[in-house]
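Coordinates in review
Below are the chains, spelled out letter by letter.
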Amino acid sequence: MTFSNTAILGLQWGDEGKGKIVNYLASNFGAACRYQGGHNAGHTLIVDGKKIVLHLLPSSICHKDSLSLIGKGVVISYEALFSEIEEISNFTSGITDRLKISPACVLIQPYHQLIDLYKEKSNSQKTIGTTLRGIGPAYEDKVARRAIRVIDTLNENHLKPLLEETLDFYNFTIEKFFGKEALSLNRLIDENLAYGEKIKPMLADVSMLIKKINSEEKSVLFEGAQGALLDVDQGTYPFVTSSNCSPSGIAAGAGCGPLDVGNILGVVKAYVTRVGEGPMPTEINDELGEYIAKTGGEIGATTGRPRRCGWFDAVLMKRIIQTNSISGLCLTKIDVLDGLEEIKVCKAYDNESIDSIFGECMNLEDINPIYDFLPGWESPTKNITKYEELPNEAKDFVSYIEENCEVPVKIISTGPDDQSTIVR
Ligand code: IMP
């Protein structure tokens, strides 16, 4: 079977199960490529029965016949990258041979993580509920054109003046605004140069590698992090992450042309979850929400924070699908709803006037969802691998999503391991 370049990305608020789907499909592709976000992501896969949580490495990393690419849109913490490589090397060998990283990636520096922390803990600044990984401040530097990129850490004469100027700016903020201790320039220079030496063998022209892979009649799988509702332009601003996690980020972040992406599959959970602050119209604020969280293991893979749970929101999903060229859905965690008597799906919002403009500015405050009530299924869906074997009510749930979101459900995940997957 041949595939065109395909993107797998979340359409909700992250944690939809993208890692499992990318790992499942990776052997059909020449490479998988992360193109945005950083180690704020937490992609969980089961490989040979072992649970692996990836933050920065593409979810193809255990596939020895595929490359794993990190495109220029990703922000990299050197410390996080190398500790993840070390950890994942316990599960698979040869990581550094098949991991290719763009030298244009912006680096997350220790001052970014401090600023993220100080802002989030400060009483005078808006709290977003970030992962405290320094993601926002690093992307701020990128657009402010003062970022230190991987390439800058390959040459001392080049790095020194850059870091000096940037650290002057940050130390002023750290000391004068937040009243904390300034960072040492020399230490930062030494650390960056040491990491620069270490990353050198993995650096590659990722844009041209994608072209090369395609010229060898192999395709690339683009792996999104977070989800479209956290996209800085499309999501519930300001409660969003700082990158384009919707398809709009692929070309810029991977370094390919927009028409190089042939197929975009959106990953959605059978319910919704959110970590951190921000509106979620279908949130379930009672024991049922707690039950779903417990059954679905809804604890942040990166921060360990509990995820808020809610019903599937077909209004939001239809909007995101329509405006993001989504060609099909991967529906995950349907088994988490096993045993529920009734399943709600949001089919409309009661504020008619918001319909035309709410999506453009994604204002989800004070919205009252209107629900359809679907019957639950008596027999479990867990680990089912054939569509025909799903209970009728589960098939009706899938059809409901297809009809209301106007897109086919192509993959259904019925459990965390690869085998528990239905491909239609
Ligand atoms: P940041 O990306 O750390 O700046 O966090 C901004 C918002 O995005 C916060 O609400 C985070 O909880 C959320 N977020 C960031 N990464 C993820 C993720 O991988 N899954 C789910 N939520 C995320």
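I will try to describe carefully the structure that is included in this document. (Residues numbered from 1 in each chain as written. Predicted model: local features only at pLDDT ≥ 70, side-chain atom pairs only at ≥ 80, totals over all residues. Heavy atoms only, no water.)

Here's the deal with the pattern of salt bridges
Think of it this way: side chains of opposite charge can pair up when their charged atoms draw near. One pass over the structure, following the stated rule, counts 19 salt bridges. With a shortest N-O distance of 3.2 Å, Asp15 and Arg307 are connected by a salt bridge. Residue Asp15 is found in the loop between β1 (6-10) and α1 (18-25), and its partner Arg307 is found in the loop between α10 (287-295) and β12 (308-313); the two are separated by 292 residues along the sequence. Since its relative accessible area comes to 23%, Asp15 is described here as partly exposed. Between Lys211 and Asp260 there is a salt bridge; the shortest N-O distance is 4.0 Å. Placement of Lys211 in helix α8 (residues 206-215) and of Asp260 in the loop between α9 (248-255) and β10 (263-269) is noted, with a sequence separation of 49 residues between them. (Salt bridge = Lys/Arg side-chain N within 4 Å of Asp/Glu carboxyl O. Helix = DSSP H or I, 4+ residues; strand = E, 2+ residues; numbered from the N terminus. Buried < 20%, exposed > 50% of the residue type's maximum accessible area, 1.4 Å probe, protein only.)

Describing the sheet that holds strand β17 (residues 421-423)
The mixed open sheet is built from nine strands, whose spatial order is β7-β5-β2-β9-β1-β10-β13-β16-β17. Two strands bound the open sheet, and with one partner strand each, they are β7 (99-101) and β17. Taking each pair of neighbouring strands and ignoring which way they run, the sheet shows an average axis angle of 20°. The pairing of β1 with β10 spans five bridges and is classified as parallel. Note that in β10 the partner of Gly10 across the bridge is Val267. (Pairing = 2+ DSSP bridges. Axes fitted to C-alpha atoms, helices over the stretch in contact; angles between N-to-C directions.)

Topic: helix α11 (residues 314-322)
Considered for burial, the residues of α11 that qualify are Ala314, Val315, Leu316, Met317, Ile320 and Ile321. Buried-residue contacts for α11 involve β10, β12, β13 (328-332), β14 (342-349), α12 (358-361) and α13 (392-405). Between the side-chain oxygen at the start of α11 and the backbone nitrogen of Val315 there is a gap of 3.1 Å, and the oxygen is on Asp313. (Contact = heavy atoms within 4.5 Å. Polar contact = N/O pair within 3.5 Å; in protein donor to acceptor, adjacent residues only side chain to side chain.)

Examining the pairing of β14
A regular strand places its side chains on the two faces of the sheet in alternate fashion. Pairing geometry for β12 and β14, over two bridges, is parallel. Paired with Asp313 across the strands is Cys346, a residue of β14. Where β14 and strand β15 (residues 369-375) come together, seven bridges link them in antiparallel fashion. Looking at the pairing, Glu342 lines up with Pro375 of β15.

Some details on the side chain of Ser60
By the secondary structure assignment, Ser60 is in the loop between β4 (50-54) and β5 (67-70). For Ser60, a relative accessible area of 0% translates into the label buried. Beyond its immediate sequence surroundings of up to four residues, Ser60 is in contact with Val22, Ala26, Ala32, Leu67 and Ser68.

Describing the site of the ligand
The immediate surroundings of the ligand are formed by 16 residues, with Asp15, Asn40, Thr131, Thr241 and Arg305 found nearest. Here Asp15 contributes a side-chain N or O atom positioned 3.1 Å from a nitrogen atom of the ligand. With respect to the ligand, the backbone of Val275 contributes an N or O atom lying 3.1 Å from an oxygen atom. Relative to its unbound accessible surface of 470 Å², the ligand loses 97% to contact with the protein. Class assignment for the residues of the shell around the ligand results in six nonpolar, eight polar and two charged. (Near = heavy atom within 4 Å. Areas by Shrake-Rupley, 256 points an atom, 1.4 Å probe, with all protein chains shown as cover. Nonpolar A, V, L, I, M, F, W, Y, C, P; charged D, E, K, R; others polar.)

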